[in-house]
Every structure is written in C-alpha cells, then in structure tokens.
Amino acid sequence: MTSPCATVTGAARGIGFAIARRLTRDGWRIVIADCETDRGRRAAEQLDQARFVPTDVTDETAVEALFRDLGQSEGGLDLLVNNAAIADPSNGPIESLSPAAWHQRLNTNLTSAYLCTHFAVPLLRAREGGIVNIASTRALQSEPDCEAYAAAKGGLIALTHALAVSLGPAIRVNAVSPGWIDTSASPTDANPQSEALTASDHAQHPVGRVGGVDDVAAAVAWLASADSSFMSGENLVLDGGMRRRMIYTD
Ligand code: NDP
C-alpha cells in the first residue's frame, strides 16, 4: 500500500517545516509548497519522502499547477495543511495601514486557504482526506495594531466551520490556533539562531513554557489521523493556557 500524501504550504521553515517533518515520521509523503526556493529545497532534502514545489499561494495559476502536479505525480491527496502566512502580526496603526498592505495580508493569510482548498477538493474527495488550517489565538484576542492579521485568522476559523459543513462527511476540516510558538532556529535556515527567551516569557504561560513547533505538529498529526475522526469544523487552541488567564493590572 502506498503511503498517504499531504501538502503543507509554507513548510520551508518554522511551524510548517515541523508539521512536514512530523508527518513524514508518521509515514506520510509530503509536498512542500512555499515561495522561498532555497529554504524549500533545503527542507525537502532534510526529510524522507518529501519534495518541494515552488508555489506562491496567492497566485491562482501557481496554485492550480500545484494541485495538477499532485494529481498527476502523487496520484491524489489525503491532507491539505494551509499554513503559509505573513506571520508577523503587526501592521502598524490603522490610519497608516494602506489598502494594498491590507489586501496583501488578507490574500496571503486567508484567500490563499480558499484558493488551495478550491483546487484540492476534487483530489481530497476521491481519498476522503482532510484539511487543517493554521489560524492563531490572535483570531480571538488582540494586541494593538494587528487588525489585518486578526481579521484574516478570524476569517480562517469561519472558513473552517463553513467548509466542514459543506464538505462532510467525505472531508473533515479543522483549524489549529497556536499561541506564542518559538520558531527561531529553524533547521532550514542557513544560519539557525535561537531567540533568547526569558524566564518570564515561559512563566506567564499556565503550562510554564512558550510553545515549540513540535507542539503544533503533534496537534496537526492528530487531526490528520483517524483518532480524531469525530472532530470537524473545530478550532483547536494550542497556547499553553494563555487564553484562559485573566490579565488586569492593579
Ligand atoms: P514563518 O514565517 O516562519 O514561515 C512561514 C512560511 O510561509 C515561510 O517559509 C514563508 O516564506 C512562507 N510564505 C509566506 N508567504 C507565502 C506565499 N505567498 N506563498 C507561499 N509561501 C509563503 O511562520 P511561522 O512558522 O511562525 O507560522 C506558520 C503559521 O503559524 C502561520 O500561518 C502563522 O500565522 C501561524 N502562527 C504562528 C505563530 C507563532 O508564534 N510563530 C502563532 C500563531 C499562529 P518567506 O519566509 O519567504 O515569507
């Protein structure tokens, strides 16, 4: 029996790479779709049963070509992970956020998930596959000046439950909302360097630590497995308990 096939967008580094690495360890074949060519190649070289297809997920032609390639070369698709994003949430003050910058963030962080899903669904339906969207706790709570990121991630959670209802029972669709995840020192960076996290960075989390990329990868692996077969349309929050902490200053 051939191994199941997943495509993970934005998997050239960070959380996406960790998801791809975990899935390959679980026996999946992976297609890494990312716009960063050098890192994308390095990522595929570091994994068994992985290959890289350079893809800008905001480009309709490129996304269509990606899924045509998946149908022809891999014979189908069992899992789509919509992970690619402009991951820096800050857009500066709303009065200086240009329409062009707004559209760029919404296109990259939300419309890309629609686009990939649009082209992936015929392949996923044939295999009764699944979709996992990587959202953020910033869909649910905010710091100042993060409107475009928050709106895109909130939209992604709404897209998740809408798709779950439209595409079930053949296709399950879920989201994971990470909180603070340390993505420094990605093994695909030419010069990986860890961010210096302080004791209070860790201690403010009810679980006592900042999250790691493998925490998110484990959640995605579970959502991709039959063990989660009764879950669809959900948003799995993975933030070390931070969303449950009430924060008022004296
Ligand atoms: P990174 O920036 O480390 O990785 C994102 C990857 O996506 C990069 O390789 C990036 O390429 C790529 N990418 C960006 N735009 C496009 C595009 N148009 N087409 C294809 N690939 C693209 O992000 P993280 O690993 O930190 O985040 C991964 C996901 O997790 C994102 O959806 C993010 O919003 C979410 N998240 C992250 C959190 C965190 O604390 N890190 C917390 C909550 C959610 P390039 O480097 O060239 O831009």
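For every chain, the first residue of its written sequence is number 1, and the numbers climb from 1 along that sequence. Reporting in this predicted model follows two pLDDT cut-offs: at least 70 for local features of residues, and 80 or more for side-chain atom pairs to be given and counted; totals over whole chains, interfaces and linings ignore these cut-offs and use all residues. Excluding hydrogens and water, the side-chain values take into account all heavy atoms of the structure.

Engineer: Outline the packing of helix α3 (residues 60-74) against helix α4 (residues 99-127), listing residues and values.
Structural biologist: Where helices are involved, their axes are fitted lines through C-alpha atoms of the stretch in contact, as for all axes, and angles between N-to-C directions lie from 0 to 180°. Starting at the N terminus, helices and strands are each numbered in turn, a helix being any DSSP run of H or I of at least four residues and a strand any DSSP run of E of at least two. One way to put it is that α3 packs onto α4 with a least axis distance of 8 Å and a crossing angle of 15°. Compared by their axis directions, α3 and α4 come out roughly parallel. Once α3 is placed against α4, the crossing between them reads as right-handed. Contacts between α3 and α4 involve Glu60, Val63, Glu64, Phe67, Leu70, Gly71 and Glu74 on the former and, on the latter, Leu115, Cys116, Phe119, Ala120, Leu123 and Arg127. Residue polarity is assigned by list, with Asp, Glu, Lys and Arg as charged and Ala, Val, Leu, Ile, Met, Phe, Trp, Tyr, Cys and Pro as nonpolar; anything else, Gly included, falls into the polar class. Broken down by class, the residue content of the contact of α3 with α4 amounts to eight nonpolar, one polar and four charged. An angle below 35 degrees is read as roughly parallel, one above 145 as roughly antiparallel, one from 65 to 115 as roughly perpendicular, and any other as oblique. Here is the rule for handedness: rotate from the far helix to the near one, and if that takes an anticlockwise turn smaller than a right angle the crossing is left-handed, while a clockwise turn gives right-handed. Contacts between residues were defined by any pair of non-hydrogen atoms, one from each residue, lying within 4.5 Å.

Engineer: Requested: an account of helix α5 (residues 147-167), with residues and values cited.
Structural biologist: Residues that lie three or four places apart on an α-helix share one face, since the helix turns once every 3.6 residues. Its 21 residues place the ends of α5 29 Å apart at the C-alpha level, agreeing with the 30 Å of an ideal helix rising 1.5 Å per residue. Listing the buried residues of α5 in full gives Ala148, Tyr149, Ala150, Ala152, Lys153, Leu156, Ile157, Thr160, Leu163, Ala164 and Leu167. Next to the buried residues of α5 lie α4, β5 (130-134), β6 (172-178) and β9 (235-238). What a helix is expected to span follows from its residue count: subtract one and scale by 1.5 Å. The buried label applies to any residue whose accessible area, calculated with a 1.4 Å probe on protein chains only, is under 20% of its type's maximum; exposed applies above 50%, and partly exposed to all values in between.

Engineer: Tell me about the sheet that holds β9, and name the residues and values.
Structural biologist: In any sheet, the strands associate via hydrogen bonds between backbone groups, in a parallel or an antiparallel arrangement. Two strands form a pair only when DSSP identifies at least two bridges running between them. Strand order in the open sheet made by the seven strands is β3-β2-β1-β4-β5-β6-β9, with parallel pairing throughout. The open sheet has two free edges, formed respectively by β3 (50-54) and β9, since each of these has just one partner strand. Each strand axis lies, on average, 20° off the axis of its neighbour in the sheet, ignoring direction. Where β6 meets β9, four bridges bridge the pair, whose relative direction is parallel. Its bridge partner lying in β9, serine 177 is registered against valine 237. In this fold α5 packs onto β5, β6 and β9, with an angle of close to 160° to the strand it touches most, β6.

Engineer: Break down the pattern of salt bridges for me, with residues and values.
Structural biologist: For salt bridges, the criterion is a side-chain nitrogen of Lys or Arg within 4 Å of an Asp or Glu carboxyl oxygen. Tallied over the entire structure, the rule returns ten salt bridges. Among the salt bridges present, the one from arginine 127 reaches aspartate 78, with a minimum N-O distance of 2.6 Å. Taken together, the positions of arginine 127 in helix α4 and aspartate 78 in the loop between α3 and β4 (79-82) put the pair 49 residues apart, joining distant regions of the chain. For arginine 127, a relative accessible area of 30% translates into the label partly exposed. When salt bridges that share partners are traced, they join Arg29, Arg51, Asp69 and Glu74 into one network.

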